[in-house]
There are 2 protein chains.
Amino acid sequence: MTPVTAGSGRGLTDLFVEAARQALDDSGVDRIDSLYVGNMMSGFLQNQEHLGALMATALGREGVPAYKIEGACASGGVAVNAAVKAVLSGLENVVLVGAVEKMSGYTTPEVTAGLMMAEDRLKVASTGVTFVGLNAMIAREYMHKYKVTHESLAQFPVHCHQNALDNPKAQFRKKIDVQDVLQSPLVADPLRLLDCSGIGDGAAAIVLAPKDLARKFTDSPIEVAASTVASDTLSLYQRPTITTFEASRQAYDRAYKQSGVTPKDVDVLEVHDAFSILGVMALEDLGFAKKGSGTQLLDEGECARDGRVPTNSFGGLKARGHPVGASGLYQVAELALQLKNEAGKCQVPGAEVGLAQSVGGIGSTVAIHILRAMK
Amino acid sequence: MTPVTAGSGRGLTDLFVEAARQALDDSGVDRIDSLYVGNMMSGFLQNQEHLGALMATALGREGVPAYKIEGACASGGVAVNAAVKAVLSGLENVVLVGAVEKMSGYTTPEVTAGLMMAEDRLKVASTGVTFVGLNAMIAREYMHKYKVTHESLAQFPVHCHQNALDNPKAQFRKKIDVQDVLQSPLVADPLRLLDCSGIGDGAAAIVLAPKDLARKFTDSPIEVAASTVASDTLSLYQRPTITTFEASRQAYDRAYKQSGVTPKDVDVLEVHDAFSILGVMALEDLGFAKKGSGTQLLDEGECARDGRVPTNSFGGLKARGHPVGASGLYQVAELALQLKNEAGKCQVPGAEVGLAQSVGGIGSTVAIHILRAMK
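Definitions and cut-offs
Numbers given to residues run from 1 along each chain, matching the order in which its sequence is written. Both sets of labels track the order of writing: A upward for chains, 1 upward for ligands. Per-residue local features are limited, in this predicted model, to residues with pLDDT of at least 70; the limit for side-chain atom pairs, both in listing and counting, is 80 or more; totals at the level of whole chains, interfaces and linings are taken over all residues. The side-chain numbers reported here are obtained from all heavy atoms of the structure, hydrogens and water having been left aside. Only DSSP runs of H or I reaching four residues or more are called helices, and only runs of E reaching two or more are called strands; each is numbered from the N terminus. In this treatment the radius of gyration is a C-alpha quantity, and the globule benchmark scales as 2.2 Å times the residue count to the 0.38 power. Buried, partly exposed and exposed residues are distinguished by accessible area as a fraction of the type maximum, computed with a 1.4 Å probe on protein chains only: under 20%, between the cut-offs, and over 50%, respectively. Contacts are residue-level and defined by heavy atoms, with any inter-residue pair within 4.5 Å sufficient. Defined in terms of a 1.4 Å probe, buried area is the accessible area two parts forfeit on being brought together, summed over both. For this document, the term salt bridge refers to a Lys or Arg side-chain nitrogen within 4 Å of an Asp or Glu carboxyl oxygen. Any N or O atom pair separated by 3.5 Å or less is treated as a polar contact, with the protein-specific requirement of one donor-capable and one acceptor-capable atom, and with residues adjacent in sequence counted only for side-chain atom pairs. Strands were regarded as paired on the criterion that DSSP finds at least two bridges between them. When the copies are superposed, the least-squares fit draws on C-alpha atoms of residues that have pLDDT of at least 70 in both. Classification of ring pairs uses Phe, Tyr and Trp, with its six-membered ring standing for Trp, and accepts pairs whose centres are within 6.5 Å; under 30 degrees between planes counts as stacked, over 60 as edge-to-face, and the remaining range as tilted. Each axis is a line fitted through C-alpha atoms, taken for helices only over the stretch in contact, and angles between the N-to-C directions span 0 to 180 degrees. One less than the number of residues in a helix, times 1.5 Å, gives the span that helix is expected to have. To sort the angles, those under 35 degrees are grouped as roughly parallel, those over 145 as roughly antiparallel, those from 65 to 115 as roughly perpendicular, and the leftovers as oblique. Should the near helix be turned anticlockwise from the far one by less than a right angle, the crossing is termed left-handed; should it be turned clockwise, right-handed. In the scheme used here, Gly and all other residues not listed as nonpolar or charged are polar, with Ala, Val, Leu, Ile, Met, Phe, Trp, Tyr, Cys and Pro taken as nonpolar and Asp, Glu, Lys and Arg as charged. Here, the term disulfide refers to a pair of cysteine sulfur atoms separated by no more than 2.5 Å. A score between 0 and 100, pLDDT records how confident the predictor is in each residue.

### Some thoughts on the overall build of chain A
Part 1 of the argument: Scanning chain A from terminus to terminus reveals 15 helices and ten strands.
Part 2 of the argument: Against the globule reference of 21 Å for 375 residues, chain A gives a C-alpha radius of gyration of 19 Å, in line with a compact fold.
Part 3 of the argument: By its C-alpha atoms, chain A is 55 × 45 × 40 Å across when sized along the principal axes.
Part 4 of the argument: Relative to its 375 residues, chain A shows a buried fraction of 67%.

### Quick look at the interface of chain B and chain A
Part 1 of the argument: At the interface, 53 residues of chain B touch 53 residues of chain A.
Part 2 of the argument: For the pair chain B and chain A, the summed buried surface comes to about 4100 Å²; carbon and sulfur atoms form 56% of the total.
Part 3 of the argument: Summed over the shared surface of chain B and chain A, the number is two salt bridges.
Part 4 of the argument: Across the pair Lys85(A) and Glu92(B) runs a salt bridge whose closest N-O atoms are separated by 2.6 Å.
Part 5 of the argument: Remark: the boundary between chain B and chain A carries 34 residue pairs in polar contact (both at pLDDT 80 or more).
Part 6 of the argument: Of all the secondary-structure elements, those providing two or more residues to the side of chain B that touches chain A are helix H2 (42-46), helix H3 (51-58), strand E2 (66-70), helix H4 (75-89), strand E7 (222-231) and helix H11 (246-259) of chain B.

### Observations concerning the pairing of strand E6 (residues 202-208) of chain A
Residues and elements named next belong to chain A.
Part 1 of the argument: Most of E6 is tucked away: six of the seven residues are buried.
Part 2 of the argument: Taken together, the seven bridges between strand E3 (residues 95-101) and E6 define a ladder with antiparallel strand orientation. The partner of Val97 across the bridge, within E6, is Ile206.

### Quick word on the relation of the copies chain B and chain A
Part 1 of the argument: Each copy of the sequence occupies a distinct position, and chain B is placed on chain A by a rotation of 180° and an axial shift of 0.0 Å, giving an RMSD of 0.0 Å. This pairing of chains is accounted for by a two-fold axis. Closest approach to the rotation axis among the C-alpha atoms of chain B is made by Ser89(B), whose C-alpha sits 2.0 Å away.
Part 2 of the argument: A share of 100% of the interface residues of chain B reappears at the interface of chain A, consistent with the copies meeting face to face through the same patch.

### Notes on the packing of aromatic side chains
Residues and elements named next belong to chain A.
Part 1 of the argument: Per the stated rule, a full pass over the model turns up six aromatic pairs over all chains.
Part 2 of the argument: Summarising the aromatic geometry, the rings of Tyr36 and Tyr67 are spaced 4.6 Å apart at their centres and angled 15° between planes, so their arrangement reads as stacked. Placement of Tyr36 in strand E1 (residues 34-38) and of Tyr67 in strand E2 (residues 66-70) is noted, with a sequence separation of 31 residues between them.
Part 3 of the argument: Assessed through its relative accessible area of 1%, Tyr67 is described here as buried.

### Focus on the environment of Ala230(A)
Part 1 of the argument: Following the sequence through the fold, Ala230(A) ends up in strand E7 (residues 222-231).
Part 2 of the argument: Look at Ala230(A) and you get buried, because its relative accessible area is 0%.
Part 3 of the argument: Residues Ala230(A) and Ala247(A) lie 17 residues apart in sequence; the distance between their C-alpha atoms is 5.2 Å.
Part 4 of the argument: Excluding residues that lie within four positions of it along the chain, Ala230(A) makes contacts with Ala247(A), Gln250(A), Ala251(A), Arg254(A), Ser364(A), Thr365(A), Val366(A), Gly63(B) and Val64(B).

### A few points about the environment of Leu329(B)
Residues and elements named next belong to chain B.
Part 1 of the argument: Following the sequence through the fold, Leu329 ends up in helix H15 (residues 327-339).
Part 2 of the argument: In sequence terms Leu329 and Val78 are 251 residues apart; their C-alpha atoms lie 8.9 Å from each other.
Part 3 of the argument: Each residue touching Leu329, except ones within four places of it in the same chain, is listed here: Gly76, Gly77, Val80, Val97, Gly98, Ala99, Ala204, Ala205 and Ile206.

### Focus on the sheet that holds E7(B)
All names here are of chain B.
Part 1 of the argument: The strand order E7-E10-E9-E8 describes an open sheet built from four strands, whose pairing is mixed. This sheet does not close on itself; its edge strands, each paired only once, are E7 and strand E8 (268-270). The mean angle between the axes of side-by-side strands here comes to 10°, regardless of whether they run parallel or antiparallel.
Part 2 of the argument: Note: E8 against strand E9 (residues 353-360), three bridges, orientation parallel. In the strand pairing of E9, Leu269 is matched with Leu355.
Part 3 of the argument: Contacting E7, E9 and strand E10 (365-373), H11 crosses the sheet at an angle of about 145° to E7.

### Things to note about helix H6 (residues 131-146) of chain B
Residue and element names in this part refer to chain B.
Part 1 of the argument: The terminal C-alpha atoms of H6, which comprises 16 residues, lie 23 Å apart, in line with the 22 Å expected from a rise of 1.5 Å per residue.
Part 2 of the argument: Buried residues along H6 sit against helix H5 (108-115), helix H7 (150-153), strand E4 (186-188), strand E5 (191-192), helix H12 (276-285) and helix H13 (294-299).
Part 3 of the argument: Of the residues trailing H6, Lys147 is marked for its positive phi of about 50°.

### Topic: the sheet that holds strand E8 (residues 268-270) of chain A
Where strands meet in a sheet, backbone hydrogen bonds hold them as pairs that are either parallel or antiparallel.
All names here are of chain A.
Part 1 of the argument: Read from one edge of the open sheet, four strands run E7-E10-E9-E8, paired in mixed fashion. Each edge of the sheet is formed by a strand with only one pairing partner; in this case those strands are E7 and E8. Shown here is a sheet whose adjacent strand axes are inclined to one another by a mean of 10°, direction ignored.
Part 2 of the argument: Across eight bridges, strand E9 (residues 353-360) lies against strand E10 (residues 365-373) in antiparallel orientation. Counterpart to Leu355 in the pairing with E10 is Ile370.
Part 3 of the argument: Where helix H15 (residues 327-339) meets the sheet, it contacts E7, E8, E9 and E10, and its direction lies at approximately 175° from that of E9.

### Concerning the packing of H6(B) against H12(B)
All names here are of chain B.
Part 1 of the argument: Contact geometry for H6 and H12: axes closest at 10 Å, N-to-C directions at 60°. Here H12 runs oblique to H6, going by the angle between their axes. When you trace H6 past H12, the crossing you get is left-handed. Contacts between H6 and H12 pair Asn135, Ile138, Ala139 and Tyr142 from the former with Ile277, Leu278, Val280, Met281 and Glu284 from the latter.
Part 2 of the argument: Residues belonging to the contact of H6 with H12 are distributed by class as follows: seven nonpolar, one polar and one charged.

### What to know about the state of the cysteines
Part 1 of the argument: Evaluated as defined, the whole model comprises zero disulfides over all chains.
Part 2 of the argument: Residue Cys196(A) stays outside any disulfide, its sulfur separated by 13 Å from that of Cys160(A), the closest cysteine.

### A short note on the confidence of the model for chain A
Part 1 of the argument: On average, residues of chain A score 97 in pLDDT, and 100% of them are at 70 or above.
Part 2 of the argument: Interface scoring of the predicted complex returns ipTM 0.98; its pTM is 0.98.

### Details of unusual backbone geometry
Outside of glycine, negative phi angles account for most residues, and trans bonds account for most peptide bonds.
Part 1 of the argument: Along the chain, Asp189(A) connects to Pro190(A) via a cis peptide bond; the corresponding omega equals 10°.
Part 2 of the argument: With respect to the helices, strands and loops of the structure, Pro190(A) is situated in the loop between strand E4 (186-188) and strand E5 (191-192).
Part 3 of the argument: With a phi close to 50°, Lys147(A) is a non-glycine residue in the positive phi region.
Part 4 of the argument: Looking at the secondary structure, you find Lys147(A) in the loop between helix H6 (131-146) and helix H7 (150-153).
Part 5 of the argument: A positive phi angle, close to 55°, is found at Ala72(B), a residue other than glycine.
Part 6 of the argument: Position of Ala72(B) among the secondary structure elements: in the loop between E2 and H4.

Next comes the structure, spelled out in structure tokens:
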């Protein structure tokens, strides 16, 4: 993983190559069979597509099959899923999968317009509502329906900032409290600045291989116990409820069928907290808390690294940073470090099973990965 | 396949749904396990990403895993390859894969800038050279190196226009001759307007399934005998030669290893003739003619439907049309019709084996599919 930063002036290729080289060096593989690149906004912001061949060339690996995979803000998670299927297909053995997003260096309206590419351009974006605005509607409805206060939701970013203090690659390494969140500038009522992930640049990468081959490269291989994707209607107005993401539930159900892993088996959890409300909803939709009671886990300190549900151990989207198309891969890379006991100060002691949830659009795509330390 | 048209005002969703519904109806499947969408330019031209969830929703199939796959002008071919791996993975059985591009309704400079996203933005597009300009350099070098005249190259579009007369879905159903090509407006020396594919909108889709399952849906299933992708350096300046696409050769070598199919086994061939020079080079790079002698096949009428190498039987990119990210899927769908003996007036009698080559950027990505009628 590269550090998540804003304003460095570094480009897509520079970022991707740093993460990819780290992944190759760390895994010890010399040859790759293919390359998968997760990214959402390069066409719009950088006017650059064809990231597969671009990154293969930049890595000196031209020749290999190379792909760009897009699933909005879940592009990183979705790219891992596509790469997992490539390995399972038997056609490719050693697969490099990375994801990159560069969001800084543009005006806020430009980035805001870019993010709205995750929603329906003709029917929703055209109304003028922003991506934050749609999430704000969810927050308002959730607070009303379940009688949850903004103070309670605000604990999520406070928690993430606390964890990020220990992550040298985090974008926001600053302790905040609930009052800081509530007093930060209003973005889209009720969401305030500190309810929202920021604008950042970054890349992350991992190497996948069949189990027998992975054992040759490392003494501490990590098993992909489940890799699933589910979709939902693209737009909120098409759904019976907006306070549950059905795609999270479906993706989790499929992941359970693949792995047999239940919430109580999960030692470390990474959820897609692009906004405070989404972090809380994820705890519920994935079965770690009853609907409407996700904030109780925070009240009780259970999301801390020594709690019952250690969540967003490196700071999550809010504080580690959210280079949108890359975040899903940061999550998986962070889980791998946890399960290899290489997470440094972010380590969750004894973690053996991890789950990552990556969300594209307003819950329209959800990728779930369950990783397990191999015995 | 939708007809390829320009100026209809139809949007991405409208086009994609028409093709996808045709594919579903034609194959008789009621349920799909996943959806793959090939597309290159939606972020840039339509400011719309997240085509996976968008199209799943439009088809009333929300819930399924849904992906956008991008590989520049080869996006359609690359999407089929990703979908093939999904089926082989065992995680998905019935897979809908489609591709769509909408290029009309924008200014020529806008579309030209969009196409250059296939090349390196910072190092090549920034010089001002266009996508046609780069292909023109290849044509000039090829003509010089192999003493081939423009008259000879011009036979390729003439041939394609001839075939398109029989294809009701073709964009350009107009007979042309070599003099028409040579006298058409100059675009980038030596390439003239009729050396170049046009700007068009369209979508194509197919359904993939494991062989045993496919037999339950149809009496005339088509086997994907090979599905490969190769990359090359993103930019021409990075290559030792520009008159051969090494990625075509590599993708074909891999396809041969998968299928055992040699050029003499191929009954019908679809090549990526975005420009006349590319059609001729493909005949050579894929082993149907010696290097520098591809035009001899045209001289001798061997590319006609009753020739030795029936090529671009529905009109190819030049005359059927080239909605860039969709063309690779048009090719595969056309081959399937040929092998099912359902190609109407475009039928190549007795065709049992077909090969499609889809090129992204200036030969930086090549996808090859070999299809075979199942006994």
